[in-house]
Amino acid sequence: MTANLEVLDGVGTIRLDRPPMNALDVATQDRLRELAEEATRRDDVRAVVIYGGEKVFAAGADIKEMQAMDHTAMVVRSKALQDSFTAVARIPKPVVAAVTGYALGGGCELALCADFRIAADNAKLGQPEILLGLIPGAGGTQRLARLIGPSRAKDLIFTGRHVKAEEALTIGLVDRVVPAAEVYEQAYAWAARLAKGPALALRAAKESVDAGLETDIDTGLTIERNWFAGLFATEDRERGMRSFVEEGPGKAKFL
């Protein structure tokens, strides 16, 4: 398998496993979609870590495989490519990317699908597709611009340059930089903390933020309002408020 899903204490780790660089070939893309859909379905998965291993996150697409494709083949394949990454972005649970080494091209685009990115101090991220006479095709032009702003996104996309961990942190491309040996441990800890939270409220929060960013503020407020009111029908809301009243804040235990 080019990737697998391992579950421990509510945290599902989607682990890329295509040595030596985790190049994202067609089989790996399709496998990512399958695993994202599995993580979405499974009740025992309450948060997700995306991890490429100790040395590299994902160094991009399989260029030799892509070189063999003509226009017709890519017209067909590009939709499946985007669908695979969108499946990861739409996992209705907290998702953190644990980024070690290179996260380039499709690897960077995969990290962009997460809600939070923890990078090793030796990480390098970028969208070098322009150096191949291409542009990012798995969401990079859209998710990167939404995350770090259009000017900074254009800088990275137009030049194809690599961004080291500290610059990535400065521009908001990653959220935390840690020693390389601690990347997975800290990503798992972040996910494990949220895995103990109220699943429906976390889903509501994620969908409200993500859907709201795609529309005007009035529509976004409507999305928020509908989710907010709907959560009053959940056991988690009852449990959380009861615990607050009886025990004080932050002590509720959710199923």
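See the structure shown above.
Scoring rules and cut-offs
- Residues numbered from 1 in each chain as written.
- Predicted model: local features only at pLDDT ≥ 70, side-chain atom pairs only at ≥ 80, totals over all residues.
- Heavy atoms only, no water.
- Pairing = 2+ DSSP bridges.
- Helix = DSSP H or I, 4+ residues; strand = E, 2+ residues; numbered from the N terminus.
- Salt bridge = Lys/Arg side-chain N within 4 Å of Asp/Glu carboxyl O.
- Buried < 20%, exposed > 50% of the residue type's maximum accessible area, 1.4 Å probe, protein only.
- Axes fitted to C-alpha atoms, helices over the stretch in contact; angles between N-to-C directions.
- Parallel < 35°, antiparallel > 145°, perpendicular 65-115°, else oblique.
- Left-handed = near helix turned anticlockwise from the far one by under 90°.
- Contact = heavy atoms within 4.5 Å.
- Nonpolar A, V, L, I, M, F, W, Y, C, P; charged D, E, K, R; others polar.
- Patch = residues over 30% accessible without salt bridge, like charges linked within 9 Å, V, L, I, M, F, W, Y side chains within 5 Å.
- Areas by Shrake-Rupley, 256 points an atom, 1.4 Å probe, with all protein chains shown as cover.
- Core = buried A, V, L, I, M, F, W, Y, C linked by side-chain atoms within 4.5 Å.
- Lys, Arg positive; Asp, Glu negative; His and termini not counted.
- Charge placed at Lys NZ, Arg CZ, Asp CG, Glu CD.
- Expected span 1.5 Å × (residues − 1).
- Polar contact = N/O pair within 3.5 Å; in protein donor to acceptor, adjacent residues only side chain to side chain.

Q: Lay out the sheet that holds strand 8 (residues 163-164) in plain terms, naming residues and giving numbers.
A: Taken in spatial order, the 3 strands line up as 5-7-8 in an open sheet, and their pairing is mixed. Looking along the sheet, the strands with just one partner apiece sit at the ends: strand 5 (102-104) and strand 8. When strand 7 (residues 124-126) meets strand 8, the two strands line up antiparallel, connected through 2 bridges. Looking at strand 8, one finds that Leu 125 is bridged to Val 163.

Q: Could you give an account of the pattern of salt bridges, naming the residues involved and the relevant values?
A: Counted according to the given criterion, the structure contains 16 salt bridges. In this structure, Arg 117 and Asp 175 form a salt bridge, with 4.0 Å as the shortest nitrogen-oxygen distance. With a gap of 58 residues between them, Arg 117 in strand 6 (residues 116-120) and Asp 175 in the loop between helix 7 (165-171) and strand 9 (176-178) connect regions that are remote in the sequence. Taking relative accessible area as the criterion, Asp 175 reaches 33% and is therefore assigned partly exposed. Across the salt bridge formed by Arg 203 and Glu 207, the nearest N and O atoms sit 3.0 Å from each other. Residue Arg 203 and its partner Glu 207 are located together in helix 9 (residues 199-213), separated by 4 residues, close to a single helical turn. Here the salt bridges do not stand alone but share partners, grouping Asp 30, Arg 33, Glu 37 and Arg 77 into one network.

Q: Give a description of the packing of helix 5 (residues 140-148) against helix 6 (residues 150-159) that names residues and reports values.
A: One way to put it is that helix 5 packs onto helix 6 with a least axis distance of 7 Å and a crossing angle of 135 degrees. When the axes of helix 5 and helix 6 are compared, the pair comes out oblique. Between helix 5 and helix 6 lies a crossing of right-handed hand. The segment helix 5 lies against helix 6, with Gly 140, Thr 141, Leu 144, Ala 145 and Ile 148 engaging Pro 150, Arg 152, Ala 153, Leu 156 and Ile 157. Partitioned by chemical class, the residues of the contact of helix 5 with helix 6 number 7 nonpolar, 2 polar and 1 charged.

Q: Outline the packing of helix 9 against helix 10 (residues 217-230), listing residues and values.
A: For the pair helix 9 and helix 10, the least separation of the axes is 9 Å and the interaxial angle reads 170 degrees. Classed by the angle they form, the pair helix 9 and helix 10 counts as roughly antiparallel. Counted together, Leu 200, Arg 203, Ala 204, Glu 207, Ser 208, Ala 211 and Gly 212 of helix 9 and Gly 220, Ile 223, Glu 224 and Trp 227 of helix 10 form the full contact between these two elements. In terms of residue class, the contact of helix 9 with helix 10 is built from 5 nonpolar, 3 polar and 3 charged.

Q: Quick rundown of a nonpolar patch on the surface? Include the residues and the values.
A: Taken together, the side chains of Ile 63, Leu 132 and Leu 134 make up a nonpolar region of the molecular surface, amounting to roughly 260 Å² of accessible area. With respect to the element layout, Ile 63 can be found in helix 2 (residues 63-67).

Q: Go over the nonpolar core with me, naming the residues and quoting the values.
A: Grouped together as the largest cluster of nonpolar side chains are 45 residues, with contacts concentrated most on Phe 57 and Leu 173. With 5 residues, helix 3 (residues 71-89) is the single largest residue contributor to this core. If near-sequence neighbours (up to four positions away) are discounted, Leu 173 is found in contact with Leu 112, Arg 117, Leu 125, Leu 144, Leu 147, Ile 148, Leu 156 and Ala 168.

Q: Quick rundown of the sheet that holds strand 2 (residues 11-16)? Include the residues and the values.
A: Strand order in the open sheet formed by 6 strands is 1-2-3-4-6-9, with mixed pairing between adjacent strands. The open sheet terminates on both sides in strands that have one partner only, identified here as strand 1 (3-8) and strand 9. Direction aside, neighbouring strands of the sheet carry axes that sit 20 degrees apart on average. Bridge count between strand 1 and strand 2: 6 bridges; the pairing is antiparallel. Of the residues in strand 2, the one forming a bridge with Glu 6 is Thr 13.

Q: I'd like a description of a negative patch on the surface, backed by residues and values.
A: A surface patch of negative charge is lined by Asp 121, Glu 166, Glu 182 and Glu 185. Considering the arrangement of structural elements, one finds Glu 182 in the loop between strand 9 and helix 8 (183-195).

Q: How would you summarise helix 10 if you had to cite specific residues and measurements?
A: Between its terminal C-alpha atoms helix 10 stretches 20 Å, which fits the 20 Å expected from 14 residues at 1.5 Å a residue. One side-chain oxygen of the residue at the start of helix 10 lies 3.1 Å from the amide nitrogen of Asp 218, identifying that residue as Asp 216.

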